[in-house]
Every structure is written in structure tokens, then in C-alpha cells.
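The lines below spell out each chain.
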Amino acid sequence: MANITLVDDDENIVASVSLALESHGHKVTAWHDGASGLEALEASPPDLAILDVKMPRMDGMEVLRRLRQTSQIPVIMLTSKDEEIDEILGFNLGADDYIHKPFSQRLLIERVKALLRRTGADGGEPEPSGEGSTKAIKRGKLSMDPARHESTWEGKPVKLTVTEFLLLQALAQRPGFVKSRDNLMDAAYDDQVYVDDRTIDSHVKRMRKKFRVVDPEFDAIETLYGVGYRYRES
């Protein structure tokens, strides 16, 4: 169904995860260190990448940081660390999802399935995030084309991850209306995927940073503290 690149230095995890994914029809390419994994990801981008955080030669965070300079492919991070700062850092760098070790194969398969469904890489159409979500959106300087997963600001392309795109789409569909973090979670994540408020905040922070690269005065995403976010059309 999908081409998946797995980068993890634990041979047992590579073997078990590869078998589980392949049993669901996916093609899996595995690498055992970050440097080799990054080289493969850049040479032949898959439909989805699964990265371990702690690896030799280059850790998963550095792989993700470098990958996001050129690619917006969906990324799931794996970590054995039970530290909140690692998860927050991963989302700030552009991860789409996070799974803590040890994890069940069923959980991983569901997370992979949900992410592929959101991108349409499971062979179907990208999962809609609201009424009219497949239609192009024009809001002031912002243009979004969900069918092509393209977004521009004043005609300049802004490359967003799958999660970032869905969050912005949910906000831009109804400018001026407040979206709570729960609303945004529903728009960007599958019902079976749990994320907390900080995850949404991290994605919004990264999204703003990307738009400010093309327009330092970008302020279209407004924070209403204790309430949520809204898109402010200028």
C-alpha cells in the first residue's frame, strides 16, 4: 500500500516492525543508523518515515531537522525516553506523531494507518478535515490547494507538513471564528490518536515560523490565550 522507511538501530524492533507493516501490505526499507537513513530518505523519499530518536552516527532529531529542510513527508518518531522535552522538541522540528517505547504493534499500525489516510498515501483520497475541505481556499494573502497540498503567501510557496496543512486549513476555512485546541485536534488527527494541547501549540509555532520566512510581518494566526486560535484575514 505504501513505501515506508524505518530508521532504528535496534535490530529486534526493525525486524518486528517491518514484519508487522509488511503483513499489512506496506513495503518497508530499513536502516540502522541516522546518517544512512537520512541519505536514503533524501535520495528516494517514501510515503512515510519512522525514526528512532536515539541512534548512532546521527540521532533521530538531527535526521528530522535536516529532512525538514527539503521534505515534508509524514514522520513518526519512536523514543524509549520518557521525557516531555524530547516530544516537544520533536513536534517543534516538524514530527507528525510520536510513539513511546515499548509499544504494541497494533498501536503502531493504527498510527501509520491514520497518517497515511490523512495524506491519501493509503491509495485513497486525502482524508477531509471539514466541510468543503477539498476546495481551494483564498484568504487575503493566503492560498491553499488541498488537492495538491500546496500553500502560498503572496504567491510565495510555504511548505507545510501534513499536520500543519490540516491545522491551517481548519483555521482558514472560517476566518474570524475561534478554534479551540480540541477542534484543531479533531481536524488534524484521527480519533484513535491522542495528542495534548502542547502538541497543537508546537505545530502552530512552527507554522508561524515558516510563514515569517516569506513575510516577517505575518500575523494571520492569532492566539486567544485560554481559548484557542483563529485565522485573522487582513
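Further up the page is the structure itself.
Residues numbered from 1 in each chain as written. Predicted model: local features only at pLDDT ≥ 70, side-chain atom pairs only at ≥ 80, totals over all residues. Heavy atoms only, no water.

Enquirer: So what exactly am I meant to see when it comes to the pairing of strand S7 (residues 142–145) here?
Expert: In the case of a regular strand, side chains alternate between the two sheet surfaces. Across three bridges, the pairing between strand S6 (residues 137–139) and S7 is antiparallel. When the sheet's bridge partners are listed, arginine 139 is paired in S7 with leucine 142. With antiparallel pairing between neighbouring strands as the criterion, S6 and S7 make up a hairpin whose turn holds two residues, including glycine 140 at a positive phi of roughly 60°. As paired elements, S7 and strand S8 (residues 150–153) share four bridges and run antiparallel to each other. Residue pairing across strands places aspartate 145 opposite glutamate 150, the latter belonging to S8. (Pairing = 2+ DSSP bridges. Helix = DSSP H or I, 4+ residues; strand = E, 2+ residues; numbered from the N terminus.)

Enquirer: Looking at this model, I keep getting lost on the sheet that holds strand S9 (residues 156–157). Mind explaining?
Expert: Strand pairing in a sheet relies on backbone hydrogen bonds. The paired strands run either parallel or antiparallel. With antiparallel pairing, the four strands of this open sheet are ordered in space as S6-S7-S8-S9. Strands with a single pairing partner mark the edges of an open sheet, and in this sheet they are S6 and S9. Relative to S9, S8 runs antiparallel, the two being bridged by two bridges. Paired with threonine 152 across the strands is proline 157, a residue of S9.

Enquirer: Please explain the pattern of salt bridges as it appears in this structure.
Expert: Close approach of charged atoms allows side chains of opposite charge to pair. Per the stated rule, a full pass over the model turns up 16 salt bridges. Between aspartate 145 and arginine 148 there is a salt bridge, with the nearest N and O atoms lying 2.8 Å from each other. Judged by relative accessible area, arginine 148 falls into the exposed class, the value being 58%. Its salt-bridge partner being arginine 206, residue glutamate 164 comes within 3.2 Å of it at the nearest N-O pair. Pair noted here: glutamate 164 is in helix H6 (residues 162–172) and arginine 206 is in helix H8 (residues 197–214), with a separation of 42 residues, a long-range link. Accessibility assignment for this pair places glutamate 164 and arginine 206 in one class, buried. What you see here is one network of salt bridges that share partners, running through Asp219, Glu222, Arg230 and Arg232. (Salt bridge = Lys/Arg side-chain N within 4 Å of Asp/Glu carboxyl O. Buried < 20%, exposed > 50% of the residue type's maximum accessible area, 1.4 Å probe, protein only.)

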